[in-house]
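Tertiary structure, described
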Amino acid sequence: LKCLHKHCIQADDDLKSMFVGTVMRKIKSRTWKKHRYFRLQEDCMTIWYKSKKAANAHSTFSVGDVEAVREGHQSEVLLSIADEFPPDRCFTLVFRGRRGNLDLVAESAGEAQSWIKGIRKLIDNLENMGQREKLDQWICDWFKKADKNRDGQMNFKEVRDLLKMMNVDMNEHHALRLFTMADKSQSGTLEDDEFVLFYKMLTQREDVLRVFQEYSGNGQKLTLQDLKDFLREEQLHEDGIQQYALKLIERYEPSDTARMLQAMTFDGFLMYLTSPEGSIFNPSMVELYQDMTQPLCHYFISSSHNTYLLEDQIRGHSSVEGYIRALKRGCRCVEVDCWDGPNGEPIVYHGHTFTSKIFFKDVVTVLGNYAFKASQYPVILSIENHCSVEQQKLMAQHLTQILGDKLLKSPLDGKILISLPSPEDLKGKILLKGKKIGGLEDGMNGVVDDPLMGEVSDEEETKSKQHLSKELSDCVVYCKSVHFSGFKHSQIHSKFYEISSFTESKARKHIREAGAEFVLHNVRQLSRVYPSGLRTDSSNFNPQDMWNAGCQIVALNFQTAGVEMDQNDGLFSQNGHCGYILKPAFMRKIDERFDPENPQNDGYKPLSLSIQVISGQQLPKVNMKEGSIIDPLVRVEIHGVPLDQAKQETRYIDNNGFNPVWYDTLQFTIHVPELALVRFVVEDYDKTSKNDFVGQFTLPFTCIQPGYRHIHLLSKDGTSITPSSLFVNVRITNVN
């Protein structure tokens, strides 16, 4: 099949040498270093590698799975062999999701550069492809997989096997009819363009055609007026509709003639509907759109728990990689457990367990390097401190020396000390959260408390009075950890810069017994909620319950995929992925009384959400068993205040993951839209056991665009699975 990449290779020396292939060392540890032969496949998408010894064993990975290439000694594994191989021969491939890195050492600096630059070009190429090209590329990849005898042609048997691979269980008679229609040359096989034609007939979007024909005067095209009618009546666009319609034609209409006539063909209409503008997520809310000048406690903050762990809490591997991953996902509050280490160097690990250990100074270095890659807004470093005063001094020294002026060491100039500064005020700053001797005011008057005071957190009440180093205490400014003694007590005594931590069960108890008090407490100061110590498997609690009470720092195990991380990713996918989301107005005012358990207060206006699930496109296979095809169903879940928690499902479709059609309508009432998240889940129905997960997409209710929309599905660990999507029609109305 004529692929998109052929031309770019001839012209490019880096890609040429990747085609020829290169022997490099794959490094897993100081002692595991083995030669592997790496080569880029013709599709410019797959990298194939095999060991010299095993004659037939080889592996492949897709360029699309590579998130970044790091040059030099930028991973723990490569740092451990830094004395052996120079940095200009080393590089690391970082994969999306939760797959481990690939650390490589080339024979020469030149070869390393070819691979580093080549892979970066291929990643750029992919990122700049439109939906249409991505789909063509996807078809092209399938064609290659199915063309078993590599003759560039497909006979009917190969086509039938291909359909199975693509998750289609098609009536043989129907498949043969399409095959014969596509075989224009009547050769009994499909070549290049014939296969594309076959694919187009196979994927004919009847569901979209119905919508198109409803608005098209002649069934052939949408005039500018037709398109405006569609945008107004179905997509509920209001302002500047003429300019918007023209912009869509300019951007998505492939036919020059239609563009000149200011009209849209079916192809253009389909491209618009599968584009970001046709997505269920309002593109203007993907950007940074919120007011970032309010006090820190008025935002939900993306927060991670035990950030150093990549697996479970008992035996998991501690790694600075955990920090890099969380920070690159927009996390703004990371956690370190510090203990006394050998030779006076403090170490980080999950105390009293078998998790491996890393140096505190290495964590701080990574923090300095990655804190502001995904977002400019402040990062909070939450320290659980088990160190002796001597090693705490060293911690303070590392923080000051490595982070330099990124570390906030004194209150911001000229700010009257009555409330927390804003994310905007604190751009580019790292804040330490921990114990502090005395308060902010004392520091300003030069008064020093007895250094033996300073309570410890709930996490560690056993060593009741802990010695605190003045140097480390001085690094804590706006996030002083204090023990929580009740809402009454904190209302009278607590300071805006004090922060208490709650285990999930304590937080739930407070929400049940005094929800409105908890919301008010969080108007004034920060709260952190973390998973119960019993979650040794690093599972997560439902963060929604905590957000409902206005808790800002809801710390989750970022390394664990599942519905809770989907909710976290969903909430923080808006506002430029910056890690801060402004809380609703009723959670920022001292004089409001919002109770998550009883949300019907002033200005209470419930909404009705109606979702017609129309169809699915190219859903991935989950069961790799030969010939198995999914029976997909769609579940829509509402996560919000208890009154809004709900889920409904479509029926399941037998044996079709390729283009299932439902036309099932699901209805919900949303009482507190500002706090609701909507999660779309696709599962493979199984009557004998638990359904298999296929894909999901979660977004804030407030970010939904009504009308006919596509939902681009994500895998279990939050990465995209092009070209899998759902097509839905969404209506939001007032409940009378």
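What you see as residue numbers is a count from 1 along each chain, following the sequence as written. Owing to the predicted nature of the model, reporting of local features is limited to residues with pLDDT of at least 70; listing and counting of side-chain atom pairs is limited to 80 or more, with chain, interface and lining totals taken over all residues. Based on all heavy atoms of the structure, the side-chain values leave hydrogens and waters out of the count.

1. Focus: the pairing of strand E17 (residues 498-503)
Remark: exposure states derive from per-residue accessible area (1.4 Å probe, protein chains only) relative to the maximum for the residue type, with buried under 20%, exposed over 50%, and partly exposed in between. Per the convention used, a helix needs a DSSP run of H or I reaching at least four residues, while a strand needs a run of E reaching at least two, with both numbered from the N terminus. Counting buried positions over the six residues of E17 gives five, a clear majority of the element. Two strands make a pair as long as DSSP finds a minimum of two bridges between them. Examined bridge by bridge, strand E16 (residues 476-481) and E17 share two bridges and lie parallel to one another. Paired with Ser481 across the two strands is Ile499, which belongs to E17. In this structure, E17 lies alongside strand E18 (residues 527-530), joined through four bridges in parallel fashion. Each residue of the ladder has a partner; that of Ser500, found in E18, is Ser527. Throughout, right-handed denotes a crossover for which the path from the first strand over the helix to the second runs clockwise when the strands point away from the viewer. Since E17 and E18 lie parallel, the crossover through helix H21 (residues 504-524) that links them has a hand, and here it is right-handed.

2. Looking at the domain arrangement of the protein chain
The assigned domain composition of the protein chain is domain 1 (4-128), domain 2 (132-203), domain 3 (206-278), domain 4 (296-441 + 466-587) and domain 5 (607-734). What fixes the domain bounds is an automatic or database domain assignment. One C-alpha centre belongs to domain 3, the other to domain 4, and the line joining them spans 48 Å.

3. A short note on the packing of aromatic side chains
Aromatic contacts are taken between Phe, Tyr and Trp rings whose centres are within 6.5 Å, Trp giving its six-membered ring; a plane angle under 30 degrees counts as stacked, one over 60 as edge-to-face, and the others as tilted. In total, this model carries 28 aromatic pairs according to the counting rule given. Geometrically, the ring pair formed by Trp547 and Phe572 is edge-to-face, given 6.3 Å between the ring centres and 80° between the ring planes. Of the two residues, Trp547 sits in helix H22 (residues 543-548) while Phe572 sits in the loop between helix H23 (563-571) and strand E20 (580-582), which places them 25 residues apart along the sequence. Assigned by exposure class, Trp547 and Phe572 land together as buried. Through a chain of ring-to-ring contacts, the aromatic side chains of Phe212, Tyr215, Phe230, Tyr252, Phe266, Phe269, Tyr272, Tyr708 and Phe727 assemble into a single cluster. Definition used: whenever NZ (Lys) or CZ (Arg) falls within 6 Å of the ring centre and also within 35 degrees of the ring normal, the charge is taken to sit over that ring. In this arrangement the basic side chain of Arg39 is found over the ring face of Trp48, its NZ or CZ atom lying 5.2 Å from the centre. The aromatic ring of Phe727 is capped on one face by Arg205, whose charged end is 5.3 Å from the ring centroid.

4. Quick look at helix H2 (residues 13-20)
Structural remark: α-helix, 3.6 residues per turn; residues separated by three or four positions point the same way. Among the residues of H2, Asp14, Leu15, Met18 and Phe19 are the ones counted as buried. For H2, the arc enclosing every buried residue in end-on projection is 140°, short of the 170-degree limit, so these residues lie on one face. Facing away from the buried side of H2, by more than 90 degrees, are the exposed residues Asp13 and Val20. The opening residue of H2 is Asp12, an N-cap whose side-chain oxygen sits 2.8 Å from the backbone nitrogen of Asp14. Of all possible arcs, the one meant is that of the directions from the helix axis to the C-beta atoms. Under this definition, polar contacts are N or O atom pairs within 3.5 Å; protein pairs additionally need one hydrogen-donor-capable and one acceptor-capable atom, and for neighbouring residues in sequence, both atoms have to be side-chain atoms.

5. A word on the nonpolar core
Here, nonpolar core refers to any group of buried Ala, Val, Leu, Ile, Met, Phe, Trp, Tyr and Cys residues whose side-chain atoms link them within 4.5 Å. Within the largest apolar cluster, 64 residues are counted, with the highest numbers of intra-cluster contacts made by Val336, Val348, Phe360, Leu381 and Leu399. When residues of this core are assigned to domains, at least three fall in each of domain 4 (296-441 + 466-587) and domain 5 (607-734). Contacts are assigned to residue pairs with any non-hydrogen atoms lying within 4.5 Å of each other. Setting aside anything within four residues of it in sequence, one finds Leu399 in contact with Phe360, Val364, Leu381, Gly404, Leu407, Leu432 and Leu472.

6. Things to note about helix H6 (residues 156-165)
Every buried residue of H6 is accounted for by Phe156, Glu158, Val159, Leu162 and Leu163. Each buried residue of H6 lies within a common arc of 155° when the element is viewed along its axis, so the set occupies one face. Among the residues trailing H6, Asn167 stands out with phi positive, at a value near 75°.

7. Some thoughts on the UniProt feature "binding site: Ca(2+) 4" (unreviewed entry) in the protein chain
UniProt positions are given in the numbering used here, feature names are shortened, and annotations may be inferred rather than shown by experiment. As recorded in UniProt, the sites labelled "binding site: Ca(2+) 4" (unreviewed entry) are Ile629, Asp631 and Asn655. Over a stretch of 27 residues, the named residues converge on one spot in the fold, their C-alpha atoms separated by at most 6.8 Å. Structurally, the position occupied by Ile629 is in the loop between strand E21 (607-617) and strand E22 (632-639). With relative accessibility at 9%, the residue Ile629 sits in the buried group. Within the secondary structure, Asn655 is located in the loop between strand E23 (646-649) and strand E24 (661-670).

8. Notes on the confidence of the model for the protein chain
Per-residue confidence for the protein chain gives a mean pLDDT of 89; residues scoring 70 or more make up 92%. Known as pLDDT, the predictor's confidence for each residue is given on a scale from 0 to 100. Counting interchain partners and residues more than four positions distant, the pLDDT-below-50 stretch residues 446-462 has 33 contacts.

9. Notes on the pairing of strand E10 (residues 299-304)
Most of E10 sits inside the fold, with six of its six residues counted as buried. Burial of the side chains of E10 extends over both faces: Tyr299, Ile301 and Ser303 are buried on one face and Phe300, Ser302 and Ser304 on the other. Both E10 and E20 contribute to a ladder of three bridges, which runs antiparallel. Note that in E20 the partner of Ile301 across the bridge is Tyr580. Inspection of the sheet shows E10 paired to strand E19 (residues 553-556) by four bridges, in the parallel sense. By the bridge assignment, Ile301 is partnered in E19 with Ile553.

10. Remarks on the pattern of salt bridges
Just to be clear on terms, a salt bridge is a Lys or Arg side-chain nitrogen sitting within 4 Å of an Asp or Glu carboxyl oxygen. In total, this model carries 30 salt bridges according to the counting rule given. Lys328 is the salt-bridge partner of Glu67, the closest N and O atoms lying 3.5 Å from each other. Taken together, the positions of Glu67 in strand E5 (residues 66-71) and Lys328 in helix H15 (residues 320-328) put the pair 261 residues apart, joining distant regions of the chain. A salt bridge links Arg635 to Glu649; the nearest nitrogen and oxygen atoms lie 3.3 Å apart. Remark: Glu649 occurs in strand E23 and Arg635 occurs in strand E22; sequence separation between them is 14 residues. Overall, the relative accessible area of 43% leaves Glu649 in the partly exposed class.

11. Examining the side chain of Arg205
Inspection of the secondary structure assignment puts Arg205 in the loop between helix H8 (192-202) and helix H9 (206-215). The residues contacting Arg205, other than those within four sequence positions of it, are Phe266, Leu270, Ser615, Gln617, His710 and Phe727.

12. Digging into the sheet that holds E5
Spatially, the seven strands line up as an open sheet ordered E4-E3-E2-E1-E7-E6-E5, and their pairing is antiparallel. The strands lining the two open edges of the sheet, one partner per strand, are strand E4 (58-62) and E5. Looking at each pair of strands side by side, their axes are set apart by 35° on average, direction ignored. The convention used is that axes are lines fitted to C-alpha atoms, helices contributing only their stretch in contact, and that angles between N-to-C directions extend from 0 to 180 degrees.

13. Description of the environment of Glu107
Relative to the helices and strands, Glu107 is located in the loop between strand E7 (102-105) and helix H4 (109-127). On the basis of relative accessibility, which here comes to 41%, the residue Glu107 falls in the partly exposed class. C-alpha of Glu107 to C-alpha of Phe727: the two residues are 620 residues apart in sequence and 50 Å apart in space. Ignoring anything within four residues of it in the chain, the contact list for Glu107 reads Val23, Arg25, His35 and Arg89.

14. A few points about the packing of helix H7 (residues 172-182) against H8
Relative placement of two packed helices is described by the angle separating their axes and the distance separating the axes. Close contact between H7 and H8 brings their axes to 9 Å; oriented N to C, the two are set at 140°. Taken together, H7 and H8 sit at an angle that is classed as oblique. Our pair here, H7 against H8, has a crossing hand that is right-handed. Counted together, Ala175, Leu178, Phe179, Met181 and Ala182 of H7 and Glu194, Leu197, Phe198, Met201 and Leu202 of H8 form the full contact between these two elements. Looking at the contact of H7 with H8, its residues break down into nine nonpolar, no polar and one charged. Here roughly perpendicular refers to angles of 65 to 115 degrees, roughly parallel to angles under 35, roughly antiparallel to angles over 145, and oblique to all remaining angles. A crossing counts as left-handed when the near helix is turned anticlockwise from the far one by less than a right angle, and as right-handed when that turn is clockwise. Asp, Glu, Lys and Arg are counted as charged, while Ala, Val, Leu, Ile, Met, Phe, Trp, Tyr, Cys and Pro are counted as nonpolar; the rest, among them Gly, fall into the polar class.

15. Some words on the state of the cysteines
A pair of cysteine sulfur atoms is labelled a disulfide when the two atoms are within 2.5 Å. By the definition in use, this model includes zero disulfides. Free of any disulfide, Cys338 has its nearest neighbouring cysteine sulfur in Cys387, separated by 5.2 Å. Since its relative accessible area comes to 0%, Cys338 is described here as buried. Unpaired in this structure, Cys551 has its nearest cysteine sulfur neighbour in Cys297, at a distance of 12 Å. For Cys551, a relative accessible area of 0% gives the class buried.

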